[in-house]
Amino acid sequence: MKTESRLFLLQAFLVGALTTFAQTSGFQKLDEWTEIWKTGQQTYFGYPANQQSEMRDFYKWYLEAGLESINLNNAGDPMTDSPWNMSSQAFEREVIEYFAPLYGFTRDNVWGIVTHSGTDGNNHGIYFGAEYLKNKTRMQPVLYVSDEAHYSNMRLADLQNIELRLVKSDAMGRMIPEELERALDTSRPVLIVYAMGSTFKGAIDDMAALNAVIDRHSEIPGVYRHVDAALFGGYLPFTEHRQMVSHKAMHFESIAISGHKFFGIDSPSGLFLCTRDVYDSQDDFSVTYLNRNMRMINCSRDAVQPLKFWWLIQKVGTEGWTEQAERIMECTAYLKRQLDAIGWPAWVNEYSNTVFFKRPSADIVNTYNLAQGYDERFGGNLAHVVVMQHVTKERIDRFIVAMKDDLE
């Protein structure tokens, strides 16, 4: 064997050995689970997770800096100076100040935190809203939510012991203004959650029309509007439709957005933003060993998630997220056109990246991790694709081939 060939084989062996070493944990069960996820990542179509996370460099820095052995905790208000040094609250504040204008808040009239998830953001929105209204009116509010909004809002109403009224939605999943009017108890404060992307159909509640219903009733003692924008609140600020998630344009008091959806943070996280008036109207829990007040629900908050948000702002930023949002909207329209072209019944809401359609075979549902639904108005069994960054036109083409074969 020639020397060059031996060197080539040795190099190949070493590369293979290093790759194997880097990719194995020494635990067979864990390694098998990892391979399943890495394979399934390519066809993860049914759920709103960005499977092109850009966190590799972050983890490289994190380990090289030795932070894996340090316990960090963001306890306290990130928007005020804190004596608590073992935290990332300075970065958390910068994250809030970066995102505030994107959601129509001014930096002198915003309060916020990096949350554990979209549900954590909704929990704060409902809790802050209820406390705000009770402190303003001395009355218990009623919570109004679309019957197609994310289930967390219903669960949180039960958790917080708030009276809940589900408002009927139309066929496409949007809260019906006339149904809200019928459901209103105008003698009590109104706490309403607007769905900025319903769970299955990707519907957006018409905030302007719903606000108009509420505004017609001047006798209502008080109003608080929270926006559940877990997914759509990620990409819409980077499109021409940014006014739809603007506090200035839509007059909501608070908004919740997920970090592990559009933004691609690799574990559950999110943002909660509200006006200073809302925050200042909360009961003040004075905690001297932190930084005077603890008005938020959580005491301890993850200190790593703000660092991830901050990192992505530097690495991706407005320009990168604008490009990603444009591709998502283009691929959503492309998927709908391709389904129409093969005669597969499909629907999509305006401004949405969620295409729902007649449910295909179980094989396709399983291969592409499709979320399933049911609505007799659309023929019964349904499934959907949430077009995220990894759902490219090339992958859509392969999906359409599989769908076309399912027709035959």
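It should be emphasised that the depicted structure is a prediction, and the values quoted were computed from it without experimental measurement.

**Observations regarding empty space enclosed by the protein**
Using the criterion set out here, one finds one cavity of 30 Å³ or more in the structure. Within this model, the largest cavity holds a volume of roughly 40 Å³. If you go around the largest cavity, the residues you meet are Asn50, Gln52, Ser53, Glu54, Phe263, Gly264, Leu312, Val316, Trp321 and Gln324. In the lining of the largest cavity, the residues fall into four nonpolar, five polar and one charged.

**Brief notes about the pairing of strand β13 (residues 380–386)**
Counted residue by residue, β13 has six buried out of seven residues, so it is predominantly covered. Pairing between strand β11 (residues 354–358) and β13: five bridges, direction antiparallel. Paired with Val355 across the strands is Val385, a residue of β13. Pairing between strand β12 (residues 371–375) and β13: five bridges, direction antiparallel. The residue of β13 that forms the bridge with Tyr374 is Asn381. Following β12, the chain reverses through four residues before pairing antiparallel with β13; Gly379 in that reversal takes a positive phi of roughly 95°.

**Thoughts on the sheet that holds strand β10 (residues 346–348)**
Read from one edge to the other, the open sheet built from four strands follows the order β10-β11-β13-β12, with strand pairing classed as antiparallel. Where the open sheet ends on each side, the last strands, each with one partner, are β10 and β12. Averaged over neighbouring strand pairs, the angle between their axes works out to 30° when direction is ignored. Its contacts with the sheet put helix α13 (residues 317–341) on β10, β11 and β13, and the angle it makes with β10 is roughly 155°.

**Side note on the side chain of Ser152**
As for its position among the elements, Ser152 is in helix α6 (residues 151–159). A polar contact is formed between the side chain of Ser152 and the side chain of Asn122, at a distance of 3.3 Å. With sequence-adjacent residues up to four places away left out, Ser152 is seen in contact with Thr119 and Asn122.

**Considerations on the packing of helix α5 (residues 118–137) against α6**
Helices that pack against each other are described as a pair by the angle of their axes relative to one another and the distance between those axes. Direction vectors running N to C along α5 and α6 enclose 50°, while the axes themselves pass 10 Å from each other. As far as their axial angle goes, α6 and α5 are oblique. In the crossing of α5 with α6, the sense of the turn from one axis to the other is right-handed. Across the interface between the two elements, Thr119, Asn122, Asn123 and Ile126 from α5 touch Ser152, Asn153, Leu156 and Leu159 from α6.

**Brief notes about unusual backbone geometry**
The general pattern is negative phi for most residues beyond glycine and trans for most peptide bonds. Unlike most non-glycine residues, Tyr351 shows phi in positive territory, near 70°. Within the element layout of this structure, Tyr351 appears in the loop between β10 and β11. Look at Tyr351 and you get partly exposed, because its relative accessible area is 24%. Backbone geometry at Asn369 places phi at a positive 50°, although glycine is not the residue there. With respect to the helices and strands, the residue Asn369 is situated in the loop between α14 (362–367) and β12. You can call Asn369 partly exposed: its relative accessible area is 28%.

**Describing the sheet that holds strand β6 (residues 254–258)**
On the basis of which strands lie adjacent, the open sheet formed by seven strands has the order β1-β7-β6-β5-β4-β2-β3 and mixed pairing. A single partner strand is all that each edge strand has here, and the edge strands are β1 (111–115) and β3 (163–167). Averaged over all pairs of adjacent strands, the angle between strand axes in this sheet comes to 15°, irrespective of strand direction. Pairing analysis gives four bridges linking strand β2 (residues 142–146) to strand β4 (residues 190–195), with the strands arranged parallel. Bridge pairing in β4 links Val142 to Val190. The sheet strands contacting α5 are β1, β2, β4, β5 (223–228), β6 and β7 (270–274), and the helix crosses β5 at an angle near 175°.

**So, the packing of α13 against helix α15 (residues 393–407)**
One can describe the packing of α13 onto α15 by two numbers: an axis separation of 10 Å at closest approach and a directional angle of 20°. Judged by the angle between their axes, α13 and α15 are roughly parallel. In the packing of α13 onto α15, the handedness of the crossing is right-handed. Residues Cys331, Tyr334, Leu335, Gln338 and Leu339 of α13 pack against Lys393, Ile396, Asp397, Phe399, Ile400 and Met403 of α15. For the contact of α13 with α15, the class distribution of residues is eight nonpolar, one polar and two charged.

**Topic: a nonpolar patch on the surface**
A contiguous nonpolar surface patch, about 470 Å² in accessible area, is contributed by Phe27, Leu30, Trp33 and Trp37. Checked against the element boundaries, Trp33 lands in helix α2 (residues 28–40).

**Side note on the side chain of Asn153**
Note that Asn153 resides in helix α6. Of note is the side chain of Asn153, whose polar atom sits 3.2 Å from the side chain of Asp228. Setting aside residues no more than four positions away along its own chain, Asn153 makes contact with Asn122, Ile126, Leu143, Val145, Val193 and Asp228.

The rules behind each value
- Residues numbered from 1 in each chain as written.
- Predicted model: local features only at pLDDT ≥ 70, side-chain atom pairs only at ≥ 80, totals over all residues.
- Heavy atoms only, no water.
- 1 Å grid on protein atoms, 1.4 Å probe; cavity = no way out; pocket = protein on both sides within 12 Å on 5 of 7 lines; lining within 4 Å.
- Points joined across faces, edges and corners; volume = space filled by probe spheres on them.
- Nonpolar A, V, L, I, M, F, W, Y, C, P; charged D, E, K, R; others polar.
- Buried < 20%, exposed > 50% of the residue type's maximum accessible area, 1.4 Å probe, protein only.
- Helix = DSSP H or I, 4+ residues; strand = E, 2+ residues; numbered from the N terminus.
- Pairing = 2+ DSSP bridges.
- Axes fitted to C-alpha atoms, helices over the stretch in contact; angles between N-to-C directions.
- Contact = heavy atoms within 4.5 Å.
- Polar contact = N/O pair within 3.5 Å; in protein donor to acceptor, adjacent residues only side chain to side chain.
- Parallel < 35°, antiparallel > 145°, perpendicular 65-115°, else oblique.
- Left-handed = near helix turned anticlockwise from the far one by under 90°.
- Patch = residues over 30% accessible without salt bridge, like charges linked within 9 Å, V, L, I, M, F, W, Y side chains within 5 Å.
- Areas by Shrake-Rupley, 256 points an atom, 1.4 Å probe, with all protein chains shown as cover.
- Salt bridge = Lys/Arg side-chain N within 4 Å of Asp/Glu carboxyl O.

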